[in-house]
Amino acid sequence: MEQSKYDFKKIEEKWQARWRDEGLFGTPDDFSREKYYLLEMFPYPSGKLHMGHVRNYSIGDVATRFLKMKGYNVLHPMGWDAFGLPAENAAIQNGVHPYSWTKDNITAMHRQFERLGLTYDWNREVATCNPDYYRWTQWIFIQFYKNGLAYKKKNPVNWCPSCETVLANEQVSGGVCERCGTPVGKRDLEQWYLKITDYAQRLLDDIDRLDGWPDKVKLMQRNWIGRSTGAEADFAIKGFDKKLRIFTTRPDTLFGVTYMVLAPEHPYVKELTDGTEYEGKVADFLHNLQYLSDIDRSSATIEKEGLFIGRFAVNPMNGRDVPVYIANYVLMDYGTGAIMAVPAHDTRDFEFAVKYGLDIVPVIDPNDPDIDLDDLKEAFVAEGTMINSGDFDGMNSRDGVDAVSAYLEEKGIGERTVNFRLRDWLISRQRYWGTPIPMIYCEKCGWTPEKEENLPVLLPTDVEFTGKGESPLTTSKTFRETSCPVCGGSAEREIDTMDTFLDSSWYFLRYTDARNDEEIFSPENARYWMPVDQYIGGVEHAILHLLYARFFTKFLYDIGRSPVDEPFSRLLTQGMVLKDGAKMSKSLGNVVSPEEIIDKYGADTARLFILFASPPEKELEWSDRGVEGSYRFLNRVWRIVTELNEEFGYADADASGAALTPEDRELDRARNYAVKKVGNDIGERFNFNTAISAIMEFVNALYRYREAAASPNAGLVRDSVRDLILILSPFTPHLCEELWDITGHEETLCTAPWPEYEEAALASDEIEIVVQVNGKVKGKFNADSGLDAAGLVAAAADCGLLDRLTAGKEVAKTVAIPDRLVNIVLK
RNA sequence: GCCGGAGUGGCGGAAUAGGCAGACGCACCGGACUUAAAAUCCGGCGAGCCGAAAGGUUCGUACCGGUUCGACCCCGGUCUCCGGCACCA
């Protein structure tokens, strides 16, 4: 007999063409069916898939195919996060327009997706750089503006004096320009912000509702939002008519304030020092600070530097005069930009006080004999008893927080407040390849949004890419000049574009109605499809992307657009793909190309290996040997299925006829177990590695059966082969389609239902019971299943095990767990 | 520094609810097939000790301790690695 061969190349091309030509992956907006929205984070179209993509999209594809077999109407769309710096760099370096560069990359990646056999509904494809998409990104921005959540503020940007251009933070490393190595300076520019801080509390509170999210991600978001409670308090400054307001989380330490510190950029600094002998020193101090990059400035390792500015403040609690400093460790954009310093009970203040010889006055007693309050070696930051604190002496410091806050409120010199670490979102980018900010400036009317009916504000094409200047958009002859939407007079467009994170903050909503050119999406479609039931992507997006997407969804909900205020019900963050223990990277030379693997072993093998080697959320160590193992397994499947098919055919057998032999029953149990286990592992646990091992066990059982059965049951074999193909098909769809075809099925697997299993076939009459002595396994025996504790002990006694194990010893008690074990506890 | 997560054979990993530790795969070893090799099929494979063998026995889930009839799993402490935040007052 001629042996047929597993020709993956031919098989994969054949089925990919059929899936494409027959449009099998389209998703109808059929509101009568139960929906499932499964989404993987869309990629930046770099032009080449890497193994991380393969992993991400394989996970999503297996789940999609499974859910379709389970009968859901599954939305599984794909698109492109297509704006961004690499396209612009390509334009500068090679003279290619970012648009054509991006288009070419999309085409190439689309082809690679198809080669992996992924089931996307390409009818809903979006690319954030297309005007029919970014039109709505602009529309959302205008809604933000109209609701008072977008505003303009002066802010320093990174500026490379040699390249004469603005640099993104990612383009600055170690304080120097990534391209030319010149130290990066600062330039003040008017920039747009979104008021995400208005949503801080809700973004924090609603994390509690995200049951399907990993705790790790929720925690990272909580920390990022960084809520802290405390109080603000006013300090008088001698010879100055304004009060200095500070924020503290430790009002209980107010009596221990021995100096004050303002951020160097604090507006009072100029007023307090102009015309004094300190004016020059302050100017020098500020000048030196400007040479530090943001990263250095905010690093905890940097030496604390400060300067006394010749003024004294008054501690409102005890009237004590304390000197006022400016220092590099106080940030203007947190709290009020000024602090009260309590060196005895704050690590940073302690360090600063020691360096500058400032007083250290303890006001919290640790009640610890090992700590000498008169000679502190480090700040004591924990709770204790209040001392040196007037009427508050003797109070527990935790109660003191509230008591002092109440006192401040009563005296009208302060109040309880909440502060967030989260800052407003700076969205202006001095770049070409992004969504134009649809704002217009008129001398008379100020800033106004473009009229909504005029959207999109198109990116102009008459632009030069020199790599210099503020933004390439300034070189356009046509873009900047326009007329004011309010008065009709001459006006100028905003030349900055948006941070690309805005583009990706709402794309999941657009998929629900991607071709709509009347509105952003229809409410009916969004109501049916949202929320995303399962979102899958890299953990590197745990904070920014996922927080921004939540923010956008909440805003769109508030203005009556989105039907939900949280976008993603369940989140899976897949682990990285490693090689030799390190992330694959060009510089390490450990990159494995997906295309090469597909050429050599086929997409099915690549998918199978990557899902088998590790659970999805964990890191995956690439192994060439492991890939060969997966390939070997698929050949093994091919062989057993085609051989059994030759031998038994598929059409005429019936399993129910003959009585089952023990071998038959074992195979039947293996089949039912595999169907149950694989369905559970994919559907409930998202543990694809154990699902695959269960399929391997089933295949092993088939081989064993063929070896052992004297007169094989043809019906049973047929059912086993059928179910094997079905449960393997989400993982390796091409191979399974081919086998499905070979074993006589007309319809494609895309429309086949997931197989059923019988619980009855899984149960066996006899169960092996473990017998332990003091918790250690000493023997085993077979008992009827379902025996209660007493019955089990009796059965163990009947077979003589109990006597043998307890001979000459006294039994304290016996524990029996039905269908599992008997444990004898000896005295 | 603060906050998380993880440590299981030579390797990737399994043990879903506190109940036989090591499923499945890789590597390795042996057998069958073959003139031979590859491929394939079958079998073995945590460590120590006793035994010619069958088998027996002790130890074993980073380390120390606890709870429990019973702990990879729960609790307390320690170490190591990974990740997040990093002067946030």
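What counts, and at which threshold
- Residues numbered from 1 in each chain as written.
- Chains lettered and ligands numbered in written order.
- Predicted model: local features only at pLDDT ≥ 70, side-chain atom pairs only at ≥ 80, totals over all residues.
- Heavy atoms only, no water.
- Helix = DSSP H or I, 4+ residues; strand = E, 2+ residues; numbered from the N terminus.
- Buried < 20%, exposed > 50% of the residue type's maximum accessible area, 1.4 Å probe, protein only.
- Contact = heavy atoms within 4.5 Å.
- Areas by Shrake-Rupley, 256 points an atom, 1.4 Å probe, with all protein chains shown as cover.
- Phe/Tyr/Trp six-rings, centres within 6.5 Å; stacked < 30°, edge-to-face > 60°.
- Pairing = 2+ DSSP bridges.
- Axes fitted to C-alpha atoms, helices over the stretch in contact; angles between N-to-C directions.
- Salt bridge = Lys/Arg side-chain N within 4 Å of Asp/Glu carboxyl O.
- Expected span 1.5 Å × (residues − 1).
- Left-handed = near helix turned anticlockwise from the far one by under 90°.
- Nonpolar A, V, L, I, M, F, W, Y, C, P; charged D, E, K, R; others polar.
- 1 Å grid on protein atoms, 1.4 Å probe; cavity = no way out; pocket = protein on both sides within 12 Å on 5 of 7 lines; lining within 4 Å.
- Points joined across faces, edges and corners; volume = space filled by probe spheres on them.
- pLDDT = per-residue confidence, 0-100.
- Disulfide = S-S within 2.5 Å.
- Core = buried A, V, L, I, M, F, W, Y, C linked by side-chain atoms within 4.5 Å.
- Polar contact = N/O pair within 3.5 Å; in protein donor to acceptor, adjacent residues only side chain to side chain.

S.K.: Explain the overall build of chain A to me, please; I cannot follow it from the model alone.
M.R.: Assigned secondary structure in chain A consists of 26 helices and 34 strands. With respect to the principal axes defined by its C-alpha atoms, chain A has extents near 105 × 85 × 50 Å. For chain A, the residues scored as buried account for 53% of the 827 residues in total. In chain A, 72% of the contacts between residues at least 6 apart in sequence involve partners at least 24 apart. Entry remark: accessible area of chain A is about 37200 Å², with carbon and sulfur atoms responsible for 48%.

S.K.: How should I be thinking about the packing of aromatic side chains in this particular structure?
M.R.: By convention here, two paired aromatic rings are described through the distance between centres and the angle between planes. With the rule as written, the count across this model stands at 58 aromatic pairs. A centroid spacing of 5.2 Å and a plane angle of 55° characterise the contact between Tyr441 and Trp447, whose relative ring orientation is tilted. Seen in terms of ring centroids, Phe508 and Phe568 are 4.9 Å apart; in terms of plane orientation they differ by 70°. Their pairing is edge-to-face. Linking Phe508 in helix 14 (residues 507–510) with Phe568 in strand 27 (residues 568–574), this pair joins segments that are 60 residues apart in sequence.

S.K.: Would you explain the sheet that holds strand 1 (residues 35–40) in this entry?
M.R.: Strand-to-strand pairing in sheets goes through backbone hydrogen bonds, with the strands running parallel or antiparallel. Read across the open sheet, the 4 strands follow the order 2-1-26-27; overall the sheet is parallel. The open sheet terminates on both sides in strands that have one partner only, identified here as strand 2 (73–75) and strand 27. Each strand of the sheet is rotated relative to its neighbour by a mean of 20°, with strand direction disregarded.

S.K.: Got a minute to help me understand the pattern of salt bridges in this structure?
M.R.: Side chains carrying opposite charge are able to pair once their charged atoms draw close together. Taken as a whole and assessed by the stated rule, the structure comprises 55 salt bridges. Between Arg209 and Asp565 there is a salt bridge; the shortest N-O distance is 2.7 Å. Of this pair, Arg209 sits in the loop between helix 6 (200–205) and helix 7 (215–225) while Asp565 sits in the loop between helix 16 (544–558) and strand 27, placing them 356 residues apart in sequence. Arg209 sits in the partly exposed class, given a relative accessible area of 46%. By relative accessible area, which is 14% here, Asp565 ends up buried. Residue Arg423 is joined to Asp333 by a salt bridge in which the shortest nitrogen-to-oxygen separation is 2.9 Å. Taken together, the positions of Arg423 in the loop between strand 18 (414–420) and strand 19 (425–426) and Asp333 in the loop between strand 14 (321–327) and strand 15 (338–341) put the pair 90 residues apart, joining distant regions of the chain. Taking relative accessible area as the criterion, Arg423 reaches 32% and is therefore assigned partly exposed.

S.K.: Help me out: how do you make sense of helix 5 (residues 131–146) in this one?
M.R.: The α-helix advances 3.6 residues per turn, and as a result positions three or four apart in sequence lie on the same side. Taking 1.5 Å per residue as the helical rise, helix 5 with its 16 residues ought to reach 22 Å, and the 22 Å between its terminal C-alpha atoms agrees with that figure. Of all the residues in helix 5, the buried ones are Tyr133, Tyr134, Trp136, Thr137, Gln138, Trp139, Ile140, Phe141, Ile142, Gln143 and Phe144. Phi for Gly148, located one or two positions after helix 5, is positive at around 70°.

S.K.: Help me understand the sheet that holds strand 30 (residues 620–621) in this model?
M.R.: If you walk across this open sheet you meet the 3 strands as 29-28-30, and the pairing is mixed. The open sheet has two edge strands with one neighbour each: strand 29 (582–583) and strand 30. Bridging between strand 28 (residues 577–579) and strand 30 involves 2 bridges; their strand directions are parallel. Each bridged residue has a counterpart across the sheet, and for Val577 the counterpart in strand 30 is Leu620.

S.K.: Quick question: what am I supposed to make of the environment of Pro45 here?
M.R.: Relative to the helices and strands, Pro45 is located in the loop between strand 1 and helix 2 (51–69). Here Pro45 falls in the buried class, since its relative accessible area comes to 1%. For Pro45, the contacting residues outside a window of four places in its chain are Trp80, Asp81, Ala82, Trp101, Thr102, Asn105, Ile106 and Met109.

S.K.: Looking at this structure, how should I read the packing of helix 2 against helix 20 (residues 662–685)?
M.R.: To describe two helices that pack against each other, one gives the angle between their axes and the distance between the axes. At their nearest, the axes of helix 2 and helix 20 sit 10 Å apart, and the two run at 115° to each other. In the packing of helix 2 onto helix 20, the handedness of the crossing is left-handed. Where helix 2 abuts helix 20, its residues Val62, Ala63 and Phe66 lie against Gly679, Ile682 and Gly683. Classifying every residue of the contact of helix 2 with helix 20 gives 4 nonpolar, 2 polar and no charged.

S.K.: I keep staring at empty space enclosed by the protein and nothing clicks. Help me out?
M.R.: Any empty space left between atoms is shown by rolling a water-sized probe over those atoms. Scanning the model with the defined rule gives 1 cavity of 30 Å³ or more in all. Estimated volume of the largest cavity: approximately 90 Å³. Around the largest cavity, the lining is made up of 14 residues, and of these Glu88, Thr165, Gly467, Lys468 and Pro472 lie nearest the centre.

S.K.: Looking at this structure, how should I read the confidence of the model for chain A?
M.R.: Low pLDDT means the predicted atomic positions in that stretch should not be read closely. For chain A, mean pLDDT is 90; residues scoring 70 or higher make up 96% of the total. Across the whole predicted complex the pTM is 0.93, and at the interface the ipTM reaches 0.95.

S.K.: How should I be thinking about the state of the cysteines in this particular structure?
M.R.: Cysteine pairs can be linked by a disulfide, which is a covalent bond between their two sulfur atoms. Throughout the structure, instances matching the rule amount to 0 disulfides. Cysteine Cys736 is unpaired, with the sulfur of Cys750 as its nearest cysteine sulfur at 12 Å. Residue class for Cys750 comes out buried when judged on its relative accessible area of 18%.

S.K.: Help me understand the nonpolar core in this model?
M.R.: Here is a general trend for soluble globular proteins: nonpolar side chains tend to be buried in one another's company. With 167 residues, the main nonpolar core has Leu194, Phe508, Trp622 and Phe731 as its most contacted residues. Other than its neighbours up to four places away in sequence, Phe731 contacts Val62, Asp604, Arg607, Leu608, Leu611, Val678, Ile682, Phe688, Ala691, Ile692 and Ile695. In this structure, Leu254, Val257, Leu289 and Val404 belong to the second largest nonpolar core, which totals 36 residues.

S.K.: Just to check I follow, could you spell out the side chain of Asn315 for this structure?
M.R.: Within the fold, Asn315 resides in the loop between strand 13 (306–314) and strand 14. For Asn315, a relative accessible area of 0% corresponds to the buried category. A polar contact of 2.9 Å, which involves the side chain of Asn315, links it to the backbone nitrogen of Met317. Residues contacting Asn315, with those up to four places away along its chain left out, are Phe235, Leu254, Phe255, Val257 and Arg320.

S.K.: How do you make sense of unusual backbone geometry when you look at a structure like this?
M.R.: Omega for the bond connecting Leu455 with Pro456 falls within 30 degrees of zero, at 0°, which places this linkage in the cis form. With respect to the helices and strands, the residue Pro456 is situated in the loop between strand 22 (446–449) and strand 23 (481–483). The omega torsion of the bond from Met530 to Pro531 falls at -5°, within 30 degrees of zero and hence cis. In this structure, Phe686 is a non-glycine residue whose phi angle is positive, near 55°. Structurally, Phe686 is set in the loop between helix 20 and helix 21 (688–708). Although it is not a glycine, Asp819 sits at a positive phi angle of roughly 65°. Examined against the element boundaries, Asp819 turns out to sit in the loop between strand 33 (811–817) and strand 34 (821–826). For Asp819, a relative accessible area of 33% corresponds to the partly exposed category.

S.K.: Would you take a moment to explain the pairing of strand 34 for this structure?
M.R.: Two faces make up the sheet, and in a regular strand the side chains alternate between them. Where strand 31 (residues 766–773) and strand 34 come together, 4 bridges link them in parallel fashion. Along strand 34, the bridge assignment pairs Val770 with Leu821. Relative to strand 34, strand 33 runs antiparallel, the two sharing 6 bridges. Paired with Ile817 across the bridge in strand 34 is Leu821. In textbook terms, the turn of a hairpin is the stretch between consecutive antiparallel strands, and for strand 33 and strand 34 this stretch comprises 3 residues, one of which, Asp819, has a positive phi near 65°.

S.K.: Before we go on, may I ask you to explain the side chain of Ser630 in this structure?
M.R.: Looking at the secondary structure, you find Ser630 in helix 19 (residues 624–648). In this structure Ser630 comes out as buried when scored by relative accessible area, which is 2%. Among all residues touching Ser630, those that are not within four sequence positions of it are Thr605, Leu608 and Phe609.

S.K.: Sorry if this is basic, but what is going on with the pairing of strand 9 (residues 185–194) here?
M.R.: Summarising the sheet, strand 5 (residues 150–160) and strand 9 pair through 10 bridges and their orientation is antiparallel. Across the sheet, residue Lys152 finds its bridge partner in strand 9, namely Trp192. With 2 bridges connecting them, strand 9 and strand 19 associate as antiparallel partners. The residue of strand 19 that forms the bridge with Tyr193 is Leu426.

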